[in-house]
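Now for the letters of each chain:
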Amino acid sequence: AAVANGGTLYRPQVVQRIGGNDTEPEIQFQADAVARLPVTEATLEAIRTGMRGATTSPRGTATHRFVGFPFPVAGKTGTAQNAGELPHSWFLGYLPADEPEIAIVAMIENSGEGSTFAAPLFREVAALYYGMEDQAPAVQGEARRGRCGAQRGEGGGFGRTSAVRDGCPLPTSVEPGCAKPVRG
């Protein structure tokens, strides 16, 4: 968020306001700026340009994930190695890239590449934020696979958000189409 807003670091807060009623007034919480990123404006602009390129450039790592999305996204993919397991997938970004309104981080443990799993999840969350139904583009040559690596049939989801959507309380679950348990 600090890259998107020009370098200001704000104290994290969960509540923006508490609605009032007949006896209690509404309470608004103000953002509390606590520091600035220790970089120049030129460096911030170079970072923002690179993040826009990750989602728009022909060589961008997530360009194929944002084809047809109605808002320009600036972002960064990531894949963190995880000894003996599938890597952790992440994508962070903000949008609209030219006038940032929201920053989102999607991080999925033990799932695979950032552009394969976390970037599509970021797109889903962004679409929900804007109240749209969004259909992510199909990627030619990419098999539809669940988190455990089992190939899925067309029309089914990847299962990468099923634990969140279903509120699965179990530490492990078996994903439809998978022959082995996956971490939830």
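Here the structure is shown first, and the text comes after it.
Worth saying up front: this structure is predicted, and the values here are computed from it rather than measured.

**Student:** Whenever I open this one, the overall build of the protein confuses me. Can you help?
**Tutor:** Each helix and strand in the protein was counted, giving four helices and nine strands. Ordered by position from N to C terminus, the α and β elements of the protein give α-β-β-β-β-α-β-β-β-α-α-β-β. For the protein, buried positions account for 33% of its 184 residues. The contacts of the protein with a sequence gap of at least 6 include a subset with a gap of at least 24, amounting to 47%.

**Student:** Sorry if this is basic, but what is going on with the packing of aromatic side chains here?
**Tutor:** Each aromatic ring pair is characterised by the separation of its centres together with the angle its planes make. Evaluated as defined, the whole model comprises seven aromatic pairs. Each ring, one from Phe66 and one from Phe122, has its centre 5.9 Å from the other, and the planes form 80°; the classification is edge-to-face. In this pair, Phe66 is assigned in the loop between helix H2 (41-56) and strand E5 (74-80) and Phe122 in helix H3 (residues 114-129), connecting sequence segments 56 residues apart. With respect to class, Phe66 is no different from Phe122; both count as buried.

**Student:** I'm lost on the sheet that holds E5 in this one. Help?
**Tutor:** An order of E5-E6-E7 is seen for the three strands of this open sheet, with the pairing classed as antiparallel. At either margin of the open sheet sits one strand with a lone partner, and together these are E5 and strand E7 (102-108). Within this sheet the neighbouring strands show an average axis-to-axis angle of 10°, counted without direction. Here strand E6 (residues 88-95) pairs with E7 via seven bridges, running antiparallel. Looking at E7, one finds that Leu95 is bridged to Ile102. Along the sheet, H2 makes contact with E5 and E6, crossing E5 at roughly 75°. This element, H3, spans E5, E6 and E7 of the sheet and lies at about 35° to E6.

**Student:** What is the right way to read the environment of Gly93 from this model?
**Tutor:** By the secondary structure assignment, Gly93 is in strand E6. On the basis of relative accessibility, which here comes to 5%, the residue Gly93 falls in the buried class. Those residues in contact with Gly93 that sit more than four places away from it in its chain are Met51, Ala74, Gly75, Ile102, Ala103, Ile104 and Phe122.

**Student:** Can you help me understand the pattern of salt bridges in this one?
**Tutor:** Two side chains that carry opposite charge are able to pair once their charged atoms sit near each other. Across all of its chains, the model carries six salt bridges by this definition. One salt bridge in this structure joins Arg48 and Glu41, with 2.5 Å as the shortest N-O distance. Relative accessible area serves as the criterion here: at 46%, Glu41 is assigned to the partly exposed category. A salt bridge links Glu45 to Arg48; the nearest nitrogen and oxygen atoms lie 3.2 Å apart.

**Student:** When you look at unusual backbone geometry in this model, what are you seeing that I'm missing?
**Tutor:** The general pattern is negative phi for most residues beyond glycine and trans for most peptide bonds. Omega for the bond connecting Leu95 with Pro96 falls within 30 degrees of zero, at -15°, which places this linkage in the cis form. Here Pro96 is to be found in the loop between E6 and E7. The backbone of Asn110 shows a phi angle near 50°, a positive value even though the residue is not glycine. Counting through the fold element by element, Asn110 comes out in the loop between E7 and H3.

Scoring rules and cut-offs
Residues numbered from 1 in each chain as written. Predicted model: local features only at pLDDT ≥ 70, side-chain atom pairs only at ≥ 80, totals over all residues. Heavy atoms only, no water. Helix = DSSP H or I, 4+ residues; strand = E, 2+ residues; numbered from the N terminus. Buried < 20%, exposed > 50% of the residue type's maximum accessible area, 1.4 Å probe, protein only. Contact = heavy atoms within 4.5 Å. Phe/Tyr/Trp six-rings, centres within 6.5 Å; stacked < 30°, edge-to-face > 60°. Pairing = 2+ DSSP bridges. Axes fitted to C-alpha atoms, helices over the stretch in contact; angles between N-to-C directions. Salt bridge = Lys/Arg side-chain N within 4 Å of Asp/Glu carboxyl O.

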